[in-house]
Structure formats: structure tokens, C-alpha cells
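Structural characterization, general
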Amino acid sequence: MPVFYIVLVLLFKLTKSEDCVIDNRSSEIAWEQKLRDDLSSRNDILDAPANNTYVAVAFIIKSFYFDDNEEVFSINSWLLVSWRDHRLAWEPNEYDGIKKISVNSLYIWTPTMKLYNHNGINDLDFFVSICDLHSKGNVICAEQTLHQTTCSSKLKNWPHDIQNCTFKFGRSSGLVTFILSTRNAVSVSESTVGPGWNITEYTSGNSPRSNDHSKGESPTSYIQFYISFLLKRQGQGLAAIVVVPPIVLSALTLIALTLNVERKARLSVLCFSLLNQFFFLQEISSDIPKQSVDTPTILIYLLSHAAGMARRKAQKVWLKEESRRWFKIGNNLLYRLAGGALYCTTTAA
């Protein structure tokens, strides 16, 4: 029995012996792990750089949404950022020729971008993604982001209105300068969808104050680039609902004006048109956006048209009563003139 226990102890020691560990990793993986260990051993890679860092930014817009009732414009996009950090550079010859590796952004310093005209949420972008590190210190990160900004609606030409919404980005703090990488740094493909709206045009540019890092600067000087979108409402369906009925009601009103004032048909057509106008205004009240300083021209037309029909109806009643009153006055006048003439003739005889 003691011999059995001795054999078990020897086997346990042999299995735990470090000299017997078999490394099945390839040489490339081993060199990459060594590079990762060397980079992580640098204590300052999580701190912000001491010098100003230029960060190139690019957007690939995947989808968007504009809530004209809340006046909030949202874009869902892939955000690409790149910069150079000399602390993350290495010599490829020292690591079996490795020139690029991928690391989690939590293990390196990443810049923080801020949206200044946000609607109260999602104002800071903390990059939590997989980043590519290159041997010369270049860092490239990609992350899917959601940005929202307030956008004042202008509804004068509703339902064919065009809205202009702008995002203003910049640094939150520190010596960081965000710039749009190229003139085509913002990409919107034809497949980019947005319910009820189309992006007809978009512009972007860097702020002229991007390089201002003086003390006592105002928050607006932190804004370093902007992206503006022109949105056109898909108003074909709304136009069919909103424009066609007023045309029909206007035609009914014109037909009523051609009818005789004395006939009841004119009053009936005007009452029918006015009643339908009331129901129509009540029906489209749910379709017309409420948040705007401008009153839609179509709504002004509908209200004026309803007021005009009410006035014509009152005028119809007034003309009918007036015609009866003047008819009685005329009859009385003729009767008196005829009676006077008969009296003069009798007296002369």
C-alpha cells in the first residue's frame, strides 16, 4: 500500500512539472503574445499624450430617423477614428516581422469625442471596440454609434418641407484635435434608409478654431467639425390626402357661386362643403406636426377657405332676406305711386 501512494505522488509531481509543459502555439502567436506583453508593460499607454494629438474622423451613415414632433434627428453610423501614438510603436524586426495586431480599446488610451448640440443623451463617445495597432504607432478604431441632435422644424412648405439638421462635434477636454479625415469623410449610400425622409444633400467641414488651445477659451471653441444634412419629406402620400380634398371642396364652392341666390341648392352645396371642410381639418390635425414656429401654407389656405365658405353662407342668407325686403319696399313704393297717380287723375276729372 505505501508503494501505491508513492507512485501516485510521483505521477502528480510529473504532471505539474513546468519542464514538461508542451507549447502547441505557433511561433507567430508566441511572438504576438510577447509583443502584447511588452506593450502592456508600458505604464503610460492609458494616460493622455502630453502633446496635441490629431484624430482623423470618418462617418459611414447606415440609417437615420427624424422625429418632427419631438424635433430630434438621429443617425446610426460606423465611426472610424485614427491617430498616432508613439508609445505604441515597435520595431517589427524585434518581433519576427509583425507589423499589425488587434487589441481591445480598453487597454490603450483612446480620445473622447463630444457632441455639443445633443438632445441631452449620447453626448460623449467612449470608444469600446477592437482597434488595429501598426508598428509605427498608428491606431485605427471602428465603432457603431448613435448620435442625436435637436433640429428645429420649418413647416411652411409642409408636406413638401425640407429640414436642415447639423451635428457639431469636438473634444471634451485635453490636447486633442478632431478633424475630418478627407473631403469624403462622411459617406451616405443610396441604401441608407430613413422612414418618411430622404437625405438630399449633406455637407461637412472642419471648424476654423480647431487649433485653438489657448487658456480661457469658451466652450464653443471646442467645436472642431460639423456635419449638416438636408432632409426632404416623402410627401407623396400626404399630398394625396391633404391637397386633393381642398381642390374638390374649392370646386364645390365655385359651383355654388354660379347657382341662383334664391335657390336652396346653393345654400345646400355651401353647407355640405363647409361641413366637409370641418371634418377634413379635424382629420388632418393628427398628421400635421405640432412643433414649429411656421404655420403650414396649406393649413392657412384651408382655414381661409373654411372662413370664406362660412362668409358665403352668411352672405347667401343675408342676400335672400335682403332681396325679400327690397322686393316688399319696391312693391309698396309702386303701390303708393300708382295710388297717387289714380288720386290725381280722379281729382282732375
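Here, every reference points to the structure presented above.
Summarised in this report is the structure supplied together with it.

Cut-offs and rules
- Residue positions are given per chain, counting from 1 as you read along its sequence in written order.
- With pLDDT at 70 or above as the cut-off, local features in this predicted model cover only qualifying residues; side-chain atom pairs require 80 or more to be listed or tallied, and sums for whole chains, interfaces and linings still use all residues.
- Only heavy atoms go into the side-chain values, all of them from the structure, while hydrogens and water stay out.
- Of the two site types, the cavity is a set of points on a 1 Å grid over the protein atoms alone where a 1.4 Å probe fits but cannot get out, and the pocket is an open set with protein on both sides within 12 Å along at least five of seven lines, each lined by residues with an atom within 4 Å of a point.
- Grid points are joined across faces, edges and corners, and a volume is the space filled by probe spheres set on the points.
- A helix here means a DSSP run of H or I that spans at least four residues, while a strand means a run of E at least two residues long, and both kinds are numbered starting from the N terminus.
- Note on residue categories: nonpolar means Ala, Val, Leu, Ile, Met, Phe, Trp, Tyr, Cys or Pro, charged means Asp, Glu, Lys or Arg, and polar means any other residue, Gly included.
- By definition, a salt bridge exists where a carboxyl oxygen of Asp or Glu is found within 4 Å of a side-chain nitrogen of Lys or Arg.
- Working definition: with a 1.4 Å probe on protein chains only, accessible area under 20% of the residue-type maximum means buried, over 50% means exposed, and in between means partly exposed.
- The rule for a disulfide is simple: a pair of cysteine sulfur atoms within 2.5 Å.
- Working rule for helices: expected span equals 1.5 Å times residues minus one.
- Arc, as used here, means the arc of the directions from the helix axis to the C-beta atoms.
- Throughout, a residue-residue contact means that at least one pair of heavy atoms, one from each residue, lies within 4.5 Å.
- Pairing between strands requires that DSSP locate at least two bridges from one strand to the other.

A separate point is the layout of surface pockets. Over the atoms, a rolled probe matching the size of one water molecule traces out where space is still vacant. The volume enclosed by the largest pocket comes to roughly 220 Å³. Lining the largest pocket are 15 residues; nearest its centre among them are Arg36, Ser40, Ile45, Val103 and Tyr107. Top element by residues in the lining of the largest pocket is helix H2 (residues 27-40). It accounts for four residues. The residue makeup of the lining of the largest pocket, split by class, is nine nonpolar, three polar and three charged.

Within the structure shown, the criterion is met by five salt bridges. Among the ionic pairs, Asp38 bridges to Lys34, the shortest N-O distance being 3.2 Å. Taken together, the residues Asp38 and Lys34, both in helix H2 and four residues apart, mark about one turn of the helix. Its relative accessible area of 23% is what places Asp38 among the partly exposed residues. The closest approach of N and O atoms between Arg233 and Asp68, which form a salt bridge, is 2.9 Å. A residue pair is termed long-range when its members are at least 10 positions apart, and Arg233 in strand S12 (residues 223-233) and Asp68 in the loop between strand S1 (53-67) and strand S2 (72-84) qualify at 165 residues. Classification of Arg233 by relative accessible area gives buried; the value is 9%.

The next thing to look at is the state of the cysteines. Tallying each qualifying case throughout the model produces two disulfides. The disulfide partner of Cys151 is Cys165, and the gap between their sulfur atoms is 2.0 Å. When the S-S torsion is -85°, as for the bridge of Cys151 with Cys165, the disulfide is left-handed. Residue Cys151 is found in the loop between strand S7 (138-150) and strand S8 (162-171), and its partner Cys165 is found in strand S8; the two are separated by 14 residues along the sequence.

Below, the discussion takes up helix H5 (residues 264-284). Taking 1.5 Å per residue, 21 residues should reach 30 Å; H5 reaches 30 Å between its end C-alpha atoms and fits that length. Where H5 is concerned, the buried positions are Arg266, Leu270, Ser273, Gln277, Phe280, Leu281 and Ile284. Down the axis of H5, the sector holding all buried residues measures 95°, keeping them to one side. Away from the buried face of H5 by more than 90 degrees, exposed residues Lys264 and Glu283 are located.

What follows covers the environment of Lys168. Mapping Lys168 onto the fold places it in strand S8. For the pair formed by Lys168 and Ser228, sequence separation is 60 residues and the distance between their alpha carbons is 8.8 Å. With near-sequence residues (within four places) excluded, Lys168 lies in contact with Lys114, Leu115, Tyr116, Asn117, Ile223 and Phe225.

Attention shifts here to the environment of His147. Inspection of the secondary structure puts His147 in strand S7. Sequence-wise, His147 and Leu115 are 32 residues apart; in three dimensions their C-alpha atoms are separated by 7.9 Å.

Judged by how many residues are buried, strand S9 (residues 176-180) sits mostly within the fold: four of five residues are covered. Sheet analysis places S1 next to S9, joined by five bridges and oriented parallel. Bridge assignment links Val55 to a residue of S9, and that residue is Phe178.

Further remarks concern the pairing of S2. Remark: a regular strand shows side chains that alternate across the two faces of the sheet. Note: S1 against S2, eleven bridges, orientation antiparallel. Paired with Ile61 across the two strands is Ser77, which belongs to S2. Linkage of S1 to S2, two consecutive antiparallel strands, is achieved through a turn of four residues, within which Glu71 is found at a positive phi near 55°. The pairing of S2 with S7 spans 13 bridges and is antiparallel. When the sheet's bridge partners are listed, Leu79 is paired in S7 with Glu143.

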